[in-house]
Amino acid sequence: MKLDILYFAWIRERIGEPKERVETGASTVRGLVNQLIARNERYAAALSDLNSYRVAVDQELVDFDHRIEHAREIAFFPPMTGG
Amino acid sequence: MLIRIQPEPFEMSSVLDGFGQGAGAIVTFSGLVRDDTGQMVALELEHYPGMTEKAVTGIASRAAARWNLIDLAVIHRHGRLSVGAPIMAVATAARHRAEAFAAAEYLMDYLKSRAPFWKREIGPNGPGAWVAAKSDDEDALARWD
């Protein structure tokens, strides 16, 4: 399964890309995160601390146990600072 | 209901032109770029195109239903904004002021913590720190449960 993965703010800076397409067999966000962290230290630095960032699946905020079998787009970003 | 996510500046007077016909109360709030460090030149707002519009529309729809609003507007800018420039505005129109005030506060609380924007300070030497979300802002959402 191929997914579009988006990164924003300091997550984007640590990873060095705003967007990429990733092949994954992960069934949950947590599984995908573990796959990404295992790639290299840039991903580990950006994504290891699950309390420091949020995730959206197909543009809806979800938790890390959310299932992603039918997902198209997953985004990782810091807690939001709008307003 | 008016929702606009845009880089361009806006005039509050044009947002309010014809707004809230038949209402007994209109509340408006404007958020401006504040210099917290004494060295800020601008604020850079990154956002998530697509999700931003969806999230803001969801927040606005819930506010409109909960307080039975007659009209509602949310304008939120992104990109590079100078100190003192308007970042965003909300306007709510209701029959009575209590609903208009409460809906405006609800909108502000949710836009702060649930609309996908990220602020970064720009100083005289270029981009500085990303603004951290405050736990108080997250806690503020609990009062609407």
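Refer to the preceding data block for the structure.
Counting from 1, residues in each chain are numbered in the order their sequence is written. Chains and ligands are labelled sequentially in the order written, the chains with letters from A and the ligands with numbers from 1. The predicted nature of this model means local features are confined to residues of pLDDT at least 70 and side-chain atom pairs, given and counted, to a pLDDT of 80 or more, with totals for whole chains, interfaces and linings taken over all residues. Computation of side-chain values: all heavy atoms of the structure, hydrogens and water removed.

Draft legend 1. Just the side chain of His76(B), in detail. Mapped onto the secondary structure, His76(B) falls in strand β4 (residues 71–77). Accessible area is worked out with a 1.4 Å probe on protein chains only. A residue is then buried under 20% of its type maximum, exposed over 50%, and partly exposed in between. Residue class for His76(B) comes out buried when judged on its relative accessible area of 0%. The residues contacting His76(B), other than those within four sequence positions of it, are Gly82(A), Gly83(A), Arg4(B), Ile5(B), Gln6(B), Leu45(B), Ile87(B), Met88(B) and Phe117(B). Going along the chain from the N terminus, every DSSP run of H or I of four or more residues is numbered as a helix, and every run of E of two or more is numbered as a strand. Throughout, a residue-residue contact means that at least one pair of heavy atoms, one from each residue, lies within 4.5 Å.

Draft legend 2. Quick look at the sheet that holds strand β2 (residues 25–32) of chain B. Residues and elements named next belong to chain B. Taking strand neighbours across the sheet as the criterion, the four strands line up as β1-β4-β6-β2 in an open arrangement whose pairing is mixed. Since the sheet does not close on itself, it has two edges, and those belong to β1 (2–6) and β2, each with one partner. Strand-to-strand twist across the sheet, computed as the mean angle between neighbouring axes with direction ignored, equals 5 degrees. What counts as an axis is a line fitted to C-alpha atoms, over the stretch in contact for a helix, and the angles between N-to-C directions run from 0 to 180 degrees. Sheet strands touched by helix α2 (residues 51–66): β1 and β4. Its angle to β1, the strand with the most contacts, is close to 155 degrees. Sheet strands touched by helix α3 (residues 97–114): β2, β4 and β6 (86–94). Its angle to β6, the strand with the most contacts, is close to 145 degrees. When DSSP finds at least two bridges between two strands, those strands are taken to pair.

Draft legend 3. Region of interest: unusual backbone geometry. Phi is positive for Ala9(A), which is not a glycine, with a value near 55 degrees. Of note, Ala9(A) is situated in helix α1 (residues 9–15). On the basis of relative accessible area, Ala9(A) is assigned to the buried category, the value being 0%. Phi angles above zero are rare outside glycine, and Asn68(B) is one such case at about 50 degrees. Looking at the element boundaries, Asn68(B) is found in the loop between α2 and β4.

Draft legend 4. Fine view of the nonpolar core. Residues and elements named next belong to chain A. In this text, buried Ala, Val, Leu, Ile, Met, Phe, Trp, Tyr and Cys residues form a nonpolar core when linked through side-chain atoms within 4.5 Å. Residues Leu 32, Leu 47 and Phe 76 are the most contacted members of the largest nonpolar core, which totals 35 residues. Secondary structure elements with two or more residues in this core: β1 (2–7), α1, α2 (29–37), α3 (41–47), β3 (54–57) and β5 (73–77). Look past the residues within four positions of Leu 47 in its chain and what remains in contact with it is Ile 11, Ile 15, Val 33, Leu 36, Ile 37, Tyr 53 and Phe 76.

Draft legend 5. Broad picture of the interface of chain A and chain B. Facing 20 residues of chain A, the contacting portion of chain B comprises 25 residues. Note on definitions: buried area is the accessible-area loss of two parts on being combined, 1.4 Å probe, summed for both. Summing both sides of the interface, chain A and chain B together bury roughly 1,900 Å²; the carbon and sulfur share of this comes to 56%. A per-residue breakdown of the area chain A buries against chain B is headed by Met80(A), Thr81(A) and Gly83(A), which together make up 37% of the total. Between Glu13(A) and Arg120(B) there is a salt bridge; the shortest N-O distance is 2.6 Å. In the analysis that follows, any N or O atom pair within 3.5 Å is treated as a polar contact, provided that within protein one partner can donate a hydrogen and the other can accept it, and provided that, for residues neighboring in sequence, both atoms belong to side chains. One can count 14 residue pairs in polar contact (both at pLDDT 80 or more) joining chain A with chain B. Elements with a contribution of two residues or more to the side of chain A that touches chain B: α1, β4 (60–62) and β5 of chain A. In terms of residue count, the dominant contributor to the side of chain A that touches chain B is α1(A) (four residues). One side-chain nitrogen of Lys or Arg within 4 Å of one carboxyl oxygen of Asp or Glu is enough to make a salt bridge.

Read these as geometric descriptors, not functional statements.
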